[in-house]
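Examining the three-dimensional arrangement
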Amino acid sequence: MASRDGVTVEGGASTSPRVTRMDFSASSSAPVARLTLTTEFALGASLAPARNAPHENFPTEARWSPDGVCLLTSGAEDCVFRVYDVPARVSEPGETRASRDGNEAASPRRSTSASDEVWTGDADPPPDALWPALRVRAAESARDVAWLPTMRAHDASTCLFASACKSQPVHLWSAVDGSVAASYGAKNRLDEPMDFSAVCFSRDGSRVFAGATDTIRSWDLSRPGYHDCVTFYDAGGGKKSKRHRDGFVSSSFRGATATMACAPETGATARVVAAGAVGGAAALFHEDTGEMLMLFEIDDPKRTQNAVTRVRWSPCGLYLYSARRRDAAVKCWDARNASAGCVYET
């Protein structure tokens, strides 16, 4: 890849998976990599070789906290959540970088479950510019994570994030000491624990939503457990497909819920939850009733039904952005008029 003004290009196709903090300031003509986190994931990798990279412990999620102070990541192979305290000023290239021991000694957090440090390269990997302030090992690989929207780093009681992991209930973790603050579970029609694949909070932080195959469940944040679970949406149960007045059929939203996001509190779409399914559709639901308000389906003559892997709202709450597997385009939808189709894609 050729370099251009304002862009730092590092490595090639064989470089290790990485998390990068980009510089989007007005002084830069293009995003610049200012903080790259690579070695931490390599140390948590197993000895199993990877085909196109030194290891397979790539980061599956990277989420900024609502106050922009912390960065939360999850590893694909070691099942470890990592919380970084990102400094306001990142060292310039060539400046002395803090060592791993120095970063961890300066942090008020402690590591609750250190991973077995294994590196399969010929030499010791170079130290990252920043090391995690907290490591938390989950029982299974993480499928989705979400910060509590009211999180503020100066208030330890709000430093919480939720996770949806394989064969696990939704756990609410403390980002201060790594303990489980609460767990939210549900059972299917066979009285078996449900397997969740997506999680999000309401904008006021009072409720948590979790998506599974053909269903979405919700809980009051103050009432954890299995007994107070509410069926937010259910496409199964032998019910007939419901055709809405706008022309869409609710049963078109099927498969595992892969991603969820609540709309901004202000605007025409306040109290609306967006979700994307493996079946290839994205839908809007009313936060209070669970009624499906709109369905966005991509005209796909080949019927590949590529899964919707991410949905995100515009800051104004009027547009929804979606991304699909095996599709390089990000599509924009008008949340006020589903019949308009895709507004644009980029």
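As shown above, the structure is provided for reference.
Residues numbered from 1 in each chain as written. Predicted model: local features only at pLDDT ≥ 70, side-chain atom pairs only at ≥ 80, totals over all residues. Heavy atoms only, no water.

This part covers the sheet that holds strand β16 (residues 272–277). Taking strand neighbours across the sheet as the criterion, the four strands line up as β15-β16-β17-β18 in an open arrangement whose pairing is antiparallel. Only two strands of the sheet have a single partner each, and these edge strands are β15 (257–262) and β18 (292–297). Taking the axes of each pair of neighbouring strands and ignoring which way they run, one obtains an average angle of 20° across the sheet. (Pairing = 2+ DSSP bridges. Helix = DSSP H or I, 4+ residues; strand = E, 2+ residues; numbered from the N terminus. Axes fitted to C-alpha atoms, helices over the stretch in contact; angles between N-to-C directions.)

In this section: the layout of surface pockets. The calculated volume of the largest pocket comes to roughly 740 Å³. For the largest pocket, the lining is made up of 24 residues, of which Arg63, Trp64, Arg203, Ala261 and Arg312 are closest to its centre. Going through the elements one at a time, β3 (59–64), β7 (142–147), β11 (198–201), β15 and β19 (308–313) are the ones with two or more residues in the lining of the largest pocket. Class assignment for the residues of the lining of the largest pocket results in 16 nonpolar, three polar and five charged. (1 Å grid on protein atoms, 1.4 Å probe; cavity = no way out; pocket = protein on both sides within 12 Å on 5 of 7 lines; lining within 4 Å. Points joined across faces, edges and corners; volume = space filled by probe spheres on them. Nonpolar A, V, L, I, M, F, W, Y, C, P; charged D, E, K, R; others polar.)

Within the secondary structure, Arg207 sits in strand β12 (residues 207–212). Those residues in contact with Arg207 that sit more than four places away from it in its chain are Cys200, Phe201, Ser202, Ser218, Trp219, Leu221, Phe232, Glu287 and Asp288. (Contact = heavy atoms within 4.5 Å.)

Below, the discussion takes up the pairing of strand β13 (residues 215–220). Within β13, five of the six residues are buried, which leaves the element mostly enclosed by the surrounding structure. Here β12 pairs with β13 via six bridges, running antiparallel. The residue of β13 that forms the bridge with Ala210 is Arg217. Adjacent in sequence and paired antiparallel, β12 and β13 are bridged by two residues, among which Asp214 carries a positive phi angle near 65°. (Buried < 20%, exposed > 50% of the residue type's maximum accessible area, 1.4 Å probe, protein only.)

Moving on: the sheet that holds β3. With respect to topology, four strands assemble into an open sheet ordered β3-β4-β5-β6, the strand pairing being antiparallel. Each edge of the open sheet is held by one strand with a lone partner, namely β3 and β6 (134–137). Neighbour to neighbour, the strand axes of the sheet diverge by 15° on average, direction disregarded.

Further remarks concern the nonpolar core. Counting 19 residues, the largest nonpolar core has Val170, Leu172, Tyr184, Phe196, Phe201 and Val208 as the members making the most contacts within it. Mapped by element, the contributors of at least two residues to this core are β8 (160–165), β9 (170–174), β10 (180–184), β11 and β12. Not counting the four nearest positions on each side in its chain, Tyr184 is found in contact with Pro169, Val170, Leu172, Phe196, Val208, Trp219, Asp220, Leu221, Arg223, Pro224 and Gly225. Formed by 18 residues, the second largest nonpolar core is a distinct cluster that contains Ile216, Tyr233, Ala235 and Phe253. (Core = buried A, V, L, I, M, F, W, Y, C linked by side-chain atoms within 4.5 Å.)

In short, shape yes, function no, at least from these values alone.
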